[in-house]
Amino acid sequence: MQTLALQLTTTLVDDAIELVKGFGRAVLNLATAPIERIARACDVAGILEQRRAGRRAPRPAAASGGRCKSRNCRWSPFRGLSELT
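Let us look at the structure shown here. These numbers come from a predicted model, not from an experiment. (Residues numbered from 1 in each chain as written. Predicted model: local features only at pLDDT ≥ 70, side-chain atom pairs only at ≥ 80, totals over all residues. Heavy atoms only, no water.)

**Section: the overall build of the chain**
Put simply, the rule is: Runs of H or I in DSSP of at least four residues are treated as helices and runs of E of at least two as strands, each being numbered from the N terminus. When a residue's accessible area, from a 1.4 Å probe over protein chains only, is under 20% of the maximum for its type it is buried; when over 50% it is exposed; and in between it is partly exposed. All accessibility values rest on the Shrake-Rupley procedure with a 1.4 Å probe; residue burial counts only the protein chains present in the view.
The helix and strand tally for the chain stands at 2 helices and 0 strands. Classification of the 85 residues of the chain by burial places 13% in the buried group. A total accessible area of about 7,400 Å² is found for the chain, and carbon and sulfur atoms account for 64% of it.

Given below as structure tokens:
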């Protein structure tokens, strides 16, 4: 019985964390959508799409080690703007 209660508790906690992450992602996308539209409209040469395709390519594990810079960090709301510099 104890294992069932523990499993139920951890499942609920994991689901709650994923729910909060999903809401955070949705809010972040809503907040940065106008910036993304402006960036795509200004990208005449298609540079942003080339960089995004290069970023999606698999990387070696050693290259991703260490701390992330503030603009390139996964949780930064400005990570999409790092392509503009």
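**Section: the pattern of salt bridges**
The criterion, for reference: Salt bridge, as used here: a side-chain nitrogen of Lys or Arg that lies within 4 Å of a carboxyl oxygen of Asp or Glu.
If you walk through the whole model with that rule in mind, you get 2 salt bridges. The partner of Lys21 in a salt bridge is Glu18, and the shortest N-O contact between them spans 3.7 Å. Taken as a pair, Lys21 and Glu18 lie in helix H1 (residues 2-42) at a separation of 3 residues, close to a single helical turn. We classify Lys21 as partly exposed; its relative accessible area is 35%.

**Remarks on the side chain of Asp43**
The condition is simple: What qualifies as a polar contact is a pair of N or O atoms within 3.5 Å, subject to a donor-acceptor requirement within protein and to the restriction that residues adjacent in sequence count only when both atoms come from side chains. By definition in these notes, contact holds between two residues if any of their heavy atoms fall within 4.5 Å.
Relative to the helices and strands, Asp43 is located in the loop between H1 and helix H2 (47-56). Here the side chain of Asp43 touches Gly46 through a polar contact of 3.3 Å, landing on its backbone nitrogen. Engagement of the side chain of Asp43 in a polar contact is seen with the backbone nitrogen of Ile47, the distance being 3.0 Å. Those residues in contact with Asp43, other than ones at most four positions away along the chain, are Leu48 and Glu49.

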